[in-house]
Structures are given as C-alpha cells and as structure tokens.
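One letter stands for each residue in the lines below.
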Amino acid sequence: MMCGDEYRESLRRLKPEVYYLGEKIESVADHPAFIPHVNSVALTYDLARAPEFEELLTTKSHLTGEKINFFTHVHHSCHDLVRKVKSLRALGQQTGSCFARCVGHDALNAIYSVTYDLGKKNGTEYHQRLVNLLKEVQAKDLFLSGAMTDPKGDRSLSPSQQKDPDQHVHIVARKQDGIVVRGAKAHITGAVNAHGHLVMPTTSLKEADQDFAVCCYVPIDTPGVIHIFGRQTNDDRKCSGCLIDQGNPEYGIVGGEALIVFEDVFVPWEHVFMCGEYDFAFDLVERFATAHRQNYGGCKTGLADVLTGATYALAEVQGTVGASHVRDKLVEMVHLAETLYCCSIACSCQGYALPAGNFMADPLLANVTKLNVTRHVYELARLAQDIAGGMLATMPSESDWKNTSVGKYVDKYLKGVADVPAETRMRLLRLIEGMTCGTALVESMHGAGSPQAQKIMLMRRANWEHKKRLAQKLSGTGESRHD
Amino acid sequence: MPGQKRRVSLKYCGSCNPLIDLSRIGQVLPAAISQETDLLFVSAEETNIDTIIILCGCPRACGNKETIRARALRCIVVAGESVDAVPVAEKDISTAIIKKLKPK
C-alpha cells in the first residue's frame, strides 16, 4: 500500500494533459489549485497506514489474500458495505471535504458484477479482464476515477439520435488490438489527480445505441485524453497566497471536478469491459448509482460533523451558544446529519449478494439516502449560516486583517467574547463559508445523480402493487371492485 | 515467567465516529505502560502478546472481534466510556487500564 507522499510522487511521474484557467498544467501535485484535492486523496493513503484507522481502511484481497487499501476492495458481505459507510464518515471528519476515491471504488464493484453477468450470458472475457485490472489496482494501490456522466447534448434525444454523437462517449473504431473511443465525460471527481479513469455508459441504452455501450479503463496520460478542470466558488483564493480566507486550505472544497475529453483514444482489448452490449448498460448504471448513492450518508455525515462543530464553536465565540434557539438549531443539525447516516447504514445492512458473489446495497434505500442528502445538506447549511450571522458574507479579508493600517480595526471589531481573538472567529467563519456556499452545496444536489434520477429509481423500485393490495385488504376494496 | 516482562499491545476499532479521544488515549498508554517495570509495549502485529487493549470509540465496539482477541492471552476492551463493560469517565480510562494491567 502506498503512503500519501508515494501517491504524490506517482502523480509526478505521470504526464496527463490538464488545463486550468486557460493554461496547461505541468504538475498537478505541485500546483496550488490542485494541492488541496491531492492532499485529500493522499490522506486516504496515509490513514490506511495509521493504527487508529487501519481496521476501517484496510482489508484482505479476496483475489490474492494480500493486505490492501479498502478503496480497492470488492465487497463480499453486508459488513463490508457498512464498513465502507463508516470509513467515509471517518474520512469526511478528517478532511471536511471530498476525498474522491469512492467513485472509482464503486465503479470497480459495479463493473465486477456486470462483467460476470455478461460472461454468463455471452461467454465474454470481460470479467477476467476486470479481475486482472483489479489485481493491478490492488497491488499498486491505484486511485481510479469513475467516469459515468456524459455531456448528453439534447436531453430529449437518445445517444444515437443526437445531432452530435460525441455528446456521449462512443466507439468510433473496432480494431484487431482494441477499440477507439470519442466523446467526453463531465464533472468527474478527482479526474486530474487519479491514475486512470473507469469509463461507463451514463444511461440505459437501446439497440440503436450499441456504439455507446462502452465500458473501459483509460490511464490518465493516454494520448488523446484531455482534462479541463472546473472552477469552484472562491477558487482564486487558493492561488492568492492567503490561508485563512480559503477556509480549509489543507483539503479544500469538494473533490475537484473536470471535463474529460476523449479525442479518438485507443483502448487495448485488455482494458475493454463492455463493447456494444447495450442491454447490460442499465444494470451497470443502476449498480454503480446504488453503490455511490449508498455513500452519501457516510461522507456527508462526516462533513456535517465538522460543520456542526464549527457552528457550535462559532456560537461560543460570538456569545450566542446559550440562546435556546441556537441550541435548538444545533440539535436540528445533529438530527439531520444522523438521519443521513441512518439511511446509509440501513441500505448497507439490507444489501445482498449479486451473482458474481459481491454485495450491493439495497437500491431503494440507497436512493432514499441520496435524495435526503439533496435536501438535508442544504438545510444543514441554512442552519449553520443562520447561526453564523451576516459576517459570513461581509467579513474583511485576511490581507486587511494583516494590514498595518487597518488590521487593528479588523481585530477590534471582529472580536466576539472577550477572551477569544478575532482570528479564531475569522477562521471558523471562513470554514463555514467554504462548506456552505456555492460549489459544496451543488455537489450535494447533483453528485451521484440529480434528485430526479433518485425519484426515477424509487418509482421503479417501490412495490406499488403490494402497497395497493395492503390498502385494498384493509379497506375492503378488492381488485374486483375496479375490474 | 519470573523476571520476564509482560507484552502489552494496542489495537484500534477503526475510529469511524469515536465518542472519546482515541488518539489521545493511544498516545498516553504506551508511555504509561513503559513506566511499569514489568510491562513492555509492543506492536499489535507481533506475536506472544500477553494482553491486547482493544480501543473502541463507542459502545458498538467494532474492534472487539475474535480475530483481534486471538492475538493475545488476555484482552481489555475499551468501548466509549467503559473498560471491560464497567463505566469509566474518559479522563480516567488510561489509569483504569494501567490498574488492570498491574498484578493483583
């Protein structure tokens, strides 16, 4: 297993094509725009080697028996699923941010099961290829992104109906030694600081969409793979030299997302896990989405622990913590967060084995988890901002606080209770600002799929007929009454 | 064996959402054990461990499992504010463990 510094060194050895603010980036590991995101992933390596977290973040490979980082593991029990949620909460608490490795982890688990099903039906070699890749990922402790979401173009049209077929990643050539793919994947977490990408279809597909049914592994520095890093709220603060104004300078805000362009990228057969089998696209999408939506009551609860702690500490500094309405709001924050955790634990406990032998969380409950996240995280932010007060949006900068002419005024007028320096209040306010304004909230809404995607799954998974029969029985309105 | 130091080790539950400061207790204990003339603090990966202290952050006690207990002749389980199922305030946990490690 790698440590954090070995991970950073491994990034320096790669030469991916990355652009940010119109410039080509030489070293992601050393550029201030990316360092917080790199640090966050690096912590998943360091804590796996720390005695306090070892039991959560390491396990034994079911393929080799070797000790591996948990983020490269294929789940083989409900206990594994619960452990994933607990590890995400722990890492959320330690980073206060996104640590990105769960996406590729979930992709590996989903592809593992779907390639097995594909092999059973069609006799394909995909599963063995995935197992070979998994062994490499485990042995080298690689961090893979999970690249599912296509740009989609006109949402009212299927992939094959688009005027521009590149709006979904698709196969443009089948060769003796592999395939060539073109298109793009949007808002991919950890894309610029991963070792490679697991590319998956984004939606269920029909026969006409065969060329869009492609799942493959692409190393990050493969020719033709271009990464365009997305802006985040207040991201210029990362490059300004200020620390306090960043709020969380060590680990930043959410995962650092990018648009990945695949410009006629060659993929050797050994890295191809689906090639035209459109009828398996839905299973892959659903299993990945289930695994990923299961997570959100883990990591977001960890972040909520940090946010609630910051809000409580700020209320103490501002002298409001004794007010009954403030205490009520703090309790409400705990209630919201722990409800999310309950959802993630529940869908994990109700998980079950797939034909390949690996375990998946209960899809209905996993979607409930994520749907709650799209609401509760906003409410958590609202309560934190309510308690924090307007200074959250009007506070002078770190530079003014350090200025020899006006710094004394900032110090004097930003002070709360007498024995706590203004700097403490400023740091807590900036942390809350980073966690509740802009990018962080949007990630809770759309990460792992937008709310409507969860509702579609609830519509599919809810047992409507059973519910109706229950009501008909108790109300004496049997089906015959409606025939 | 007379004159031989008893080997004591420490294993954490995984620290997902601890109710007590596991890291602090984990820092204090090795130093406190080293001050006892008949005790020797060793890594949990070593063999021939006499007592393993399983440090769990909450009453769920995820670390209290057979694979860990089997590493030593005896174990002491901290589960939140308790030591071997007896309530102990967080500030007193290290002292309570050292007391249990001493011969009666």
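A few points on the structure. (Residues numbered from 1 in each chain as written. Chains lettered and ligands numbered in written order. Predicted model: local features only at pLDDT ≥ 70, side-chain atom pairs only at ≥ 80, totals over all residues. Heavy atoms only, no water.)

**A few points about the interface of chain B and chain A**
Phase 1: Each side of the interface is counted separately: chain B has 14 residues, and chain A has 12 residues.
Phase 2: Taken as a group, Tyr12, Cys16 and Asn17 of chain B account for 44% of the area that chain B buries against chain A, more than any other trio of residues on that side.
Phase 3: Across the contact surface, chain B and chain A share three salt bridges.
Phase 4: Between Glu54 of chain A and Lys11 of chain B there is a salt bridge, and its shortest N-O distance comes to 2.8 Å.
Phase 5: Our count for the contact surface shared by chain B and chain A stands at six residue pairs in polar contact (both at pLDDT 80 or more). (Contact = heavy atoms within 4.5 Å. Buried area = accessible area lost by both parts, 1.4 Å probe. Salt bridge = Lys/Arg side-chain N within 4 Å of Asp/Glu carboxyl O. Polar contact = N/O pair within 3.5 Å; in protein donor to acceptor, adjacent residues only side chain to side chain.)

**Details of the pairing of strand β8 (residues 196-199) of chain A**
All names here are of chain A.
Phase 1: Along β8, one buried face is formed by Gly196 and Leu198 and the opposite face, lined by His197 and Val199, is buried too.
Phase 2: Looking at chain direction, strand β5 (residues 144-147) and β8 are connected through four bridges and run parallel. Counterpart to Leu144 in the pairing with β8 is Gly196.
Phase 3: Relative to strand β9 (residues 214-219), β8 runs antiparallel, the two being bridged by four bridges. Across the sheet, the residue bridging to Leu198 is Tyr217, located in β9. (Buried < 20%, exposed > 50% of the residue type's maximum accessible area, 1.4 Å probe, protein only. Helix = DSSP H or I, 4+ residues; strand = E, 2+ residues; numbered from the N terminus. Pairing = 2+ DSSP bridges.)

**With respect to the pattern of salt bridges**
Phase 1: Scanning the entire structure with this criterion turns up 38 salt bridges over all chains.
Phase 2: Of the charged contacts, one joins Glu433 of chain A and Arg430 of chain A as a salt bridge, the two residues approaching to 2.9 Å between their closest N and O atoms. With a gap of three residues between them, Glu433 of chain A and Arg430 of chain A both fall in helix α13 (residues 422-436), about one helical turn apart. With respect to burial, Glu433 of chain A and Arg430 of chain A carry one shared label: buried.
Phase 3: Arg7 of chain B is the partner of Glu46 of chain B in a salt bridge, and the nearest nitrogen-oxygen pair spans 2.7 Å. Placement of the pair is Glu46 of chain B in the loop between β2 (39-41) and β3 (49-56) and Arg7 of chain B in strand β1 (residues 6-12), with a sequence separation of 39 residues.
Phase 4: You can call Glu46 of chain B partly exposed: its relative accessible area is 36%.

**Regarding empty space enclosed by the protein**
Residues and elements named next belong to chain A.
Phase 1: A complete count under the given rule lists six cavities of 30 Å³ or more for this structure.
Phase 2: Looking at the largest cavity, its volume works out to about 240 Å³.
Phase 3: Taken together, 22 residues make up the lining of the largest cavity; nearest its centre are Gly96, Leu303, Val377, Met435 and Ala440.
Phase 4: Residue assignment for the lining of the largest cavity shows that the elements contributing at least two residues are α7 (281-318), α9 (363-388), α13 and α14 (439-446).
Phase 5: Contributing to the lining of the second largest cavity are 14 residues, with Thr233, Asn234, Lys238, Gln246 and Ile253 lying nearest its centre.
Phase 6: By residue class, the composition of the lining of the second largest cavity is one nonpolar, seven polar and six charged. (1 Å grid on protein atoms, 1.4 Å probe; cavity = no way out; pocket = protein on both sides within 12 Å on 5 of 7 lines; lining within 4 Å. Points joined across faces, edges and corners; volume = space filled by probe spheres on them. Nonpolar A, V, L, I, M, F, W, Y, C, P; charged D, E, K, R; others polar.)

**Quick look at the nonpolar core**
One broad trend across soluble globular proteins is that nonpolar side chains are buried collectively.
Residues and elements named next belong to chain A.
Phase 1: Counting 91 residues, the largest nonpolar core has Tyr7, Phe34, Ile111, Leu198 and Phe262 as its most contacted members.
Phase 2: The element that contributes the greatest number of residues to this core is helix α5 (residues 101-122), accounting for nine residues.
Phase 3: For Ile111, the contacting residues outside a window of four places in its chain are Leu130, Leu198, Met200, Cys215, Phe273 and Leu284.
Phase 4: Core analysis: the second largest hydrophobic core is formed by 34 residues, Leu330, Leu392, Val410 and Met435 among them. (Core = buried A, V, L, I, M, F, W, Y, C linked by side-chain atoms within 4.5 Å.)

**Thoughts on the side chain of Arg129 of chain A**
Residue and element names in this part refer to chain A.
Phase 1: Among the structural elements, Arg129 can be located in helix α6 (residues 126-140).
Phase 2: For Arg129, a relative accessible area of 16% puts it in the buried group.
Phase 3: Beyond its immediate chain neighbours, meaning those up to four positions away, Arg129 contacts Trp269, Glu270, Val272 and Phe273.

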